[in-house]
Amino acid sequence: MEEESAAMDSVHLKVHMANGSAFDISVQKTQAVGDVRQQVEIQHPVPPATYLKLMQNGQVLLDTFPVSKVDTSQPMFAIIAKDTRTEVLLQAAGTFEGYEDLLQNAVVV
């Protein structure tokens, strides 16, 4: 009975890459798109300093987006992009040579 319930709660997705390869992914409806991305990355490792982005219907799917809201009738695509997550951008801004001068000359309003 538990196996039937788990099977009913699972979602099967096919994720297509730009190079033509496709990956069959199974996740639970209670999981998030980040779990789908991690499963694709297991099957197709991404190079360092890059990030796998999942898209559907022209929209980037955020890692926190629930799988239960994904349209399983539409294809999902994955692209590998340069790593531009917020943490990386903040780190880069903190190492910018003019950053310290900018902060020292900032006017508080």
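Being a predicted model, the structure only gives us computed values, none of them experimental. (Residues numbered from 1 in each chain as written. Predicted model: local features only at pLDDT ≥ 70, side-chain atom pairs only at ≥ 80, totals over all residues. Heavy atoms only, no water.)

Concerning the sheet that holds strand E5 (residues 76–82)
Ordered by their spatial adjacency, five strands build an open sheet running E2-E1-E5-E3-E4, and the pairing between neighbours is mixed. Strands at the two margins of the open sheet, each flanked by one partner only, are strand E2 (22–28) and strand E4 (59–61). On average, each strand axis in the sheet is inclined to that of its neighbour by 40°, with strand direction left out of account. Inspection of the sheet shows strand E3 (residues 50–56) paired to E5 by six bridges, in the antiparallel sense. Note that in E5 the partner of Lys53 across the bridge is Ile79. Each of strand E1 (10–17), E2, E3, E4 and E5 is contacted by helix H2 (residues 33–43), which is oriented at about 140° to E2, the strand it contacts most. (Pairing = 2+ DSSP bridges. Helix = DSSP H or I, 4+ residues; strand = E, 2+ residues; numbered from the N terminus. Axes fitted to C-alpha atoms, helices over the stretch in contact; angles between N-to-C directions. Contact = heavy atoms within 4.5 Å.)

Concerning the side chain of Gln56
Note on placement: Gln56 falls in strand E3. A residue is classified by how much of its surface remains accessible, and Gln56, at 7% relative accessible area, is buried. Polar side-chain contacts of Gln56 include one of 3.1 Å to the backbone oxygen of Gln74. (Buried < 20%, exposed > 50% of the residue type's maximum accessible area, 1.4 Å probe, protein only. Polar contact = N/O pair within 3.5 Å; in protein donor to acceptor, adjacent residues only side chain to side chain.)

Some remarks on H2
Of the positions making up H2, those classed as buried are Val33, Gly34, Val36, Arg37 and Val40. Along the axis of H2, the buried positions cluster into a sector of 155°, meaning they face one direction only. The inward-facing, buried residues of H2 contact E1, E2, E3, E4 and E5. (Arc of directions from axis to C-beta.)

Points about the nonpolar core
In this structure, Val15, Ile25, Val36, Leu54 and Met76 are the most contacted members of the largest nonpolar core, which totals 17 residues. For this core, the secondary-structure elements that each account for two or more residues are E1, E2, H2, E3 and E5. Looking at this core element by element, the count peaks at four residues for E1. Sequence-distant contacts of Val15, defined by excluding residues within four places in its chain, comprise Ser21, Ala22, Phe23, Ile25, Val36, Val40, Leu54, Met76, Phe77 and Ala78. (Core = buried A, V, L, I, M, F, W, Y, C linked by side-chain atoms within 4.5 Å.)

Notes on the environment of Phe77
Structurally, Phe77 can be placed in strand E5. Along the backbone, Phe77 and Ala22 are 55 residues apart, and their C-alpha atoms lie at a distance of 8.8 Å. Apart from residues lying up to four places away in sequence, Phe77 is in contact with Val15, His16, Lys53, Leu54 and Met55.

Considerations on the pairing of E5
As paired elements, E1 and E5 share three bridges and run parallel to each other. If you follow Val15 over to E5, its bridge partner there is Met76.

Comments concerning the pattern of salt bridges
Tallying each qualifying case throughout the model produces three salt bridges. Note that Arg37 is salt-bridged to Glu41, the shortest N-O span being 3.1 Å. Taken together, the residues span about one helical turn, with Arg37 and Glu41 both in helix H2 at a distance of four residues. Among the charged side chains, a network of salt bridges with common partners joins Arg37, Glu41 and Asp63. (Salt bridge = Lys/Arg side-chain N within 4 Å of Asp/Glu carboxyl O.)

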